[in-house]
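# Topology and contacts: notes
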Amino acid sequence: MKNKGKFSEDHLDHLILRYREDELTDREGQALGTLLSDFPEARRRFSEQAFLISALEDELKGEARFNATKAASLIPFRKSHGRLRAAIGVAAALVVGCVFLWLRPGSDPDAYEVAHHQQERLDRGVAVLMEALDVAWEGEAMEVGEIIEPGSLKLKSGVVQLEFYSGASLVMEGEVDLEIVSAEHCILHHGGLRAVVPLQARGFRIESEEVTLIDLGTEFGMRVDREKNTQVHVFDGLVRLEDGIGPEAVPIDREVTEGQALRVSSGGGLEEIAMDQESFLTIDRLAERVRDRGGKTFRRWEAFSKQLQRDAGLVAYFPFDQSDSESRLLSGLILEESQSGAIVGSEWRNGRWKHKSSLKFQRPSDRVRIQIPGSFPSLTLLAWIRIDGLENDCNSILMSNGWFGEGQVHWQIRSSGELAFAVFAPKDMGAQTMWRSTPVFSPADHGQWRHVAVTYDAEAMQVSHFLDGDLVGRSEITQALALRFEGAEIGNWDVGDDHPFGARPVRNLQGSIDELAVLGRSLTPLEIAEWFRMGNPEK
C-alpha cells in the first residue's frame with residue numbers, strides 16, 4: 001500500500017525534538033500527530049527515539065482497548081500539553097501495530113470496526129505465480145511466489161503456472177496474452193493454456209472474442225490464434241460454452257464433455273476437431289522440466305561454491321550443504337580452516353533447491369553460534385535467505401554478540417523491510433553507525449528465496465546494499481572503523497548479560513538461510529550480480 005506522498009525526515013525530527021523539550025505549539029502537535037498517523041516510516045522513527053514499543057508492551061499487555069492519553073504518558077519524554085499528548089497518543093497506537101480507536105464515551109461502536117478495517121493490511125492479489133521456466137516477459141518480469149493482482153499478463157516465450165485463490169490452476173506456454181479479471185475470471189486474448197479446475201473452483205470462467213467457457217469442474221485446454229479463432233479441448237469433466245465478448249460474437253449455448261474438442265471461428269462457425277492433449281503442457285510435465293532445470297542450476301552453484309572456497313579474501317563461508325539432517329553443527333570455513341557453528345533450536349529444511357538444505361529460524365531461541373576472529377577495514381556480506389515474516393523490529397542475518405565494542409557489526413532486516421548494516425562506534429566519535437537500504441521486503445516477498453548483500457568500503461567511504469544483484473541503497477561513511485565479529489550469531493543476536501534493555505530484545509530471523517559468506521574486501525556491483533546469477537535457482 002502506498003503512502004500519501006512523502007514527508008521530510010528533518011521536519012519530523014524537528015517536531016520530535018520540540019515534543020521532547022515540551023515546546024510544541026498546537027499547530028506543531030497536530031502536524032506531528034498527522035505524520036505519525038499517515039506514515040509507517042514516521043512511526044518507526046518516532047518509536048526508535050522514544051523506546052515506545054517496549055514500554056507499551058509491558059504496560060498495556062492484555063488490554064482490549066487502547067487509551068491514547070495513557071499511551072502518551074508512557075513515552076519517556078518530558079510532559080507535554082494534555083491535548084497534544086492525547087492527539088499524539090492516538091497516532092502512537094499505530095506504532096505498536098495494534099489498531100485501536102480512541103472513542104469518546106457514547107461514540108458509535110461501529111466506528112471502531114470501521115477504523116480497524118481501514119488500518120488492516122489489504123491483499124489485492126487473486127493468484128500466485130507457482131512456476132516460471134525460461135520465461136521472456138513482455139513488460140515487468142515476475143518471480144516465482146509473486147502475488148498477482150488483476151491486470152494484463154503477457155509472455156513472449158517460456159512456461160508459467162498460476163494458482164488462483166479460487167483453487168483453479170493454469171499452465172501457459174509460448175506467446176500468451178492473458179487478462180486476469182478476478183480469482184474466478186480471465187480473458188484469453190491470444191495464446192494457449194491448460195486449466196485444472198477442482199470442485200471448489202467450479203464456475204471458473206475464461207472468455208475470448210468468440211466464446212465464453214464456464215468450467216463445471218474439469219480439466220481443459222483453450223487456444224486463441226491471431227485471427228481470434230478459439231479452440232476448446234475438454235480432457236476431463238464438463239464445460240459450458242456461451243457467447244464470447246467480441247462485437248461480432250454469435251450466440252452459443254452448448255456443453256462440451258470429456259474427449260470432445262471444438263473450434264469456434266471468428267466468423268461464427270463452430271466445428272468439431274480432434275482433441276490434442278500433447279499440445280497443452282500438463283502440471284506434471286512442467287514439474288519434470290523444472291526438476292531438470294534445477295539439476296543444472298544446482299550443479300552450476302556447486303562448481304561456483306567450490307571455486308569460492310579457494311578465494312584468498314574469504315573470511316567465513318557456510319554453504320549449508322548438510323547431508324545429515326540430524327546434525328547440530330553447521331559446517332563451514334573460517335579464515336581457510338574448517339570450522340563448525342553450533343546450531344541452537346533451528347531445524348533443517350529444504351533450501352533453494354529441494355535437494356539442498358537450509359536452516360529455518362522461527363523462535364527467539366533459534367540461532368547458529370560462530371566465532372570469526374580478526375578485524376577488517378572493508379567487508380562484504382552475502383546470503384541467500386527466505387523471509388516468512390518481519391514481526392520483530394530487527395530481524396538478524398548476522399550479528400556480533402553484544403553491542404558495546406568498537407567496530408562490532410550487525411546485519412539485519414528492519415520491520416519496515418529495509419536492509420540495515422550497523423557498526424558500533426563510541427558516541428564521542430560522532431560517526432554515523434547505521435546505513436539502510438530503501439524498503440525492499442513486503443508481505444508479497446514472503447516465502448521467496450532472495451539474495452542479499454552489503455559492502456562496507458573503507459576506501460570509497462560507502463556502504464552499499466544489494467537485493468538479487470541490484471543496488472538498493474548507498475550511503476556515505478563519515479568515519480571508517482575497523483570491523484570485527486569475534487563471537488557472532490547467524491539468524492539471531494546474543495545481547496549478552498551486560499545490557500540496558502531489561503529483558504533480551506527479540507531479534508531472531510523469521511525465515512530460512514541456505515548460504516552465507518563474509519569476504520574481507522568490498523566486492524564490486526558486477527561481482528555481486530555474478531554471485532546472484534551463479535546461485536539463482538530459477539535461471
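Position numbers for residues count from 1 along each chain, tracking the sequence in the order it is written. The model is predicted, so local features are restricted to residues of pLDDT at least 70 and side-chain atom pairs to those at 80 or more, both for listing and for counting; the totals for chains, interfaces and linings are taken over all residues. Here the side-chain values reflect all heavy atoms present in the structure, with hydrogen atoms and water set aside.

### Quick look at the overall build of the protein
Across its full length, the protein carries nine helices and 29 strands. For the protein, with 539 residues in total, the buried portion stands at 49%. Working rule for contacts: check all heavy atoms of both residues, and any pair within 4.5 Å makes them a contact. If you take every contact in the protein between residues at least 6 apart in sequence, the share linking residues at least 24 apart comes to 56%. Each accessible area is a Shrake-Rupley result for a 1.4 Å probe, and residues are judged covered by the shown protein chains and nothing else. Here the protein displays about 25600 Å² of accessible surface, and carbon together with sulfur accounts for 48% of that area. Strands here are runs of E lasting at least two residues and helices are runs of H or I lasting at least four, both read from the DSSP assignment and numbered beginning at the N terminus. Accessible area is worked out with a 1.4 Å probe on protein chains only. A residue is then buried under 20% of its type maximum, exposed over 50%, and partly exposed in between.

### Considerations on the confidence of the model for the protein
Scored from 0 to 100, pLDDT reflects the predictor's confidence in each residue. Per-residue confidence for the protein averages 82 on the pLDDT scale, and 82% of its residues sit at or above 70. This model gives residues 51-87 a pLDDT under 50, and the stretch forms 68 contacts once residues within four places in sequence are excluded. Contacts from residues 93-107, a stretch scored under 50 in pLDDT, to residues over four places away or in other chains number 32 contacts.

### Notes on the side chain of His 451
Within the secondary structure layout, His 451 lies in strand β25 (residues 449-457). For His 451, a relative accessible area of 2% puts it in the buried group. Setting aside chain neighbours within four positions, we find His 451 in contact with Leu 382, Ala 383, Trp 384, Phe 466, Leu 467, Asp 468, Gly 469, Ile 528, Trp 531 and Phe 532.

### Focus on the nonpolar core
Side-chain atoms within 4.5 Å are what join buried Ala, Val, Leu, Ile, Met, Phe, Trp, Tyr and Cys residues into a set we call a nonpolar core. With 48 residues, the main nonpolar core has Phe 421, Phe 441 and Ile 490 as its most contacted residues. With five residues, the top contributor of residues to this core is strand β20 (residues 379-387). For Phe 421, the contacting residues outside a window of four places in its chain are Leu 381, Val 409, His 410, Trp 411, Thr 433, Met 434, Trp 435, Val 454, Tyr 456, Val 463, His 465 and Leu 483. Met 142, Leu 188, Ala 195 and Ile 206 belong to the second-largest nonpolar core, a separate cluster that totals 40 residues.

### Description of the environment of Ala 482
In this structure, Ala 482 sits in the loop between β27 (470-476) and β28 (483-490). The partly exposed category is assigned to Ala 482, whose relative accessible area is 44%. When the C-alpha atoms of Ala 482 and Pro 377 are compared, they prove to be 4.8 Å apart, with 105 residues separating the residues in sequence. Non-local contacts of Ala 482, meaning those with residues more than four positions away in its chain, are made with Ser 375, Phe 376, Glu 406 and Gly 407.

### Comments concerning the pairing of strand β18 (residues 357-361)
With respect to burial, β18 is a largely interior element, five of its five residues being buried. A pair of strands is labelled paired if DSSP reports no fewer than 2 bridges between them. The hairpin turn running from strand β17 (residues 347-350) into β18, its antiparallel successor, is six residues long.

### Section: the pattern of salt bridges
Whenever Lys or Arg places a side-chain nitrogen within 4 Å of a carboxyl oxygen from Asp or Glu, that contact is recorded as a salt bridge. Counting across every chain of the model gives 29 salt bridges. Here Glu 278 makes a salt bridge to Arg 285, at a shortest N to O gap of 4.0 Å. Relative accessible area serves as the criterion here: at 60%, Glu 278 is assigned to the exposed category. Between Lys 356 and Asp 514 there is a salt bridge; the shortest N-O distance is 3.6 Å. A residue pair is termed long-range when its members are at least 10 positions apart, and Lys 356 in the loop between β17 and β18 and Asp 514 in strand β29 (residues 511-519) qualify at 158 residues. Exposure class is identical for Lys 356 and Asp 514. Each is buried.

### With respect to the pairing of strand β15 (residues 329-334)
When strand β14 (residues 314-318) meets β15, the two strands line up antiparallel, connected through two bridges. Of the residues in β15, the one forming a bridge with Ala 316 is Ile 334. Where β15 meets strand β16 (residues 337-344), six bridges bridge the pair, whose relative direction is antiparallel. Within β16, the residue paired with Gly 332 across the bridge is Gln 339. Hairpin geometry of β15 and β16 is characterised by an intervening segment of two residues between the two adjacent antiparallel strands and by a positive phi of about 50° at Leu 335.

### Remarks on the environment of Gln 371
You can see Gln 371 is positioned in strand β19 (residues 367-376). A residue is classified by how much of its surface remains accessible, and Gln 371, at 47% relative accessible area, is partly exposed. Separated by 32 residues in the primary sequence, Gln 371 and Gln 339 have C-alpha atoms spaced 8.9 Å apart. Those residues in contact with Gln 371 that lie beyond four places of it in its chain are Ile 334, Gln 339, Glu 486 and Gly 487.

### Quick notes on the packing of helix α8 (residues 283-308) against helix α9 (residues 525-535)
Helix axes are fitted to C-alpha atoms over the stretch in contact, other axes to C-alpha atoms as well, and angles between N-to-C directions run from 0 to 180 degrees. The geometry of α8 relative to α9 is characterised by a closest axis approach of 8 Å and an angle of 135° between their N-to-C directions. The angle between the axes of α8 and α9 places the two elements in the oblique class. Here Arg 300, Trp 301, Phe 304 and Leu 308 of α8 come into contact with α9, specifically with Trp 531, Arg 533, Met 534 and Gly 535. Here the term charged refers only to Asp, Glu, Lys and Arg, the term nonpolar to Ala, Val, Leu, Ile, Met, Phe, Trp, Tyr, Cys and Pro, and the term polar to all other amino acids, Gly among them. For the contact of α8 with α9, the residue count by class is five nonpolar, one polar and two charged. An angle counts as roughly parallel when it lies under 35 degrees, as roughly antiparallel when it exceeds 145, as roughly perpendicular when it falls between 65 and 115, and as oblique in every other case.

### Thoughts on the packing of aromatic side chains
Any pair of Phe, Tyr and Trp rings, taking the six-membered ring for Trp, is counted once the centres come within 6.5 Å. Such a pair is stacked with planes under 30 degrees apart, edge-to-face with planes over 60 apart, and tilted for the rest. On inspection of all chains with the given rule, the structure shows 10 aromatic pairs. In this structure, Arg 223 packs its charged tip against the face of Phe 280, placed 4.5 Å from the ring centre. Comment: the charge-over-ring label is applied if NZ (Lys) or CZ (Arg) is within 6 Å of the ring centre and within 35 degrees of the ring normal.

### Let's talk about the environment of Val 239
Within the secondary structure, Val 239 is located in strand β10 (residues 238-243). The spatial distance from the C-alpha of Val 239 to the C-alpha of Arg 205 is 9.7 Å, given a sequence separation of 34 residues. Discounting chain neighbours no more than four positions away, the residues touching Val 239 are Leu 213, Ile 214, Asp 215, Leu 216, Thr 218, Phe 220, Val 232, Val 234, Arg 254, Glu 255 and Val 256.

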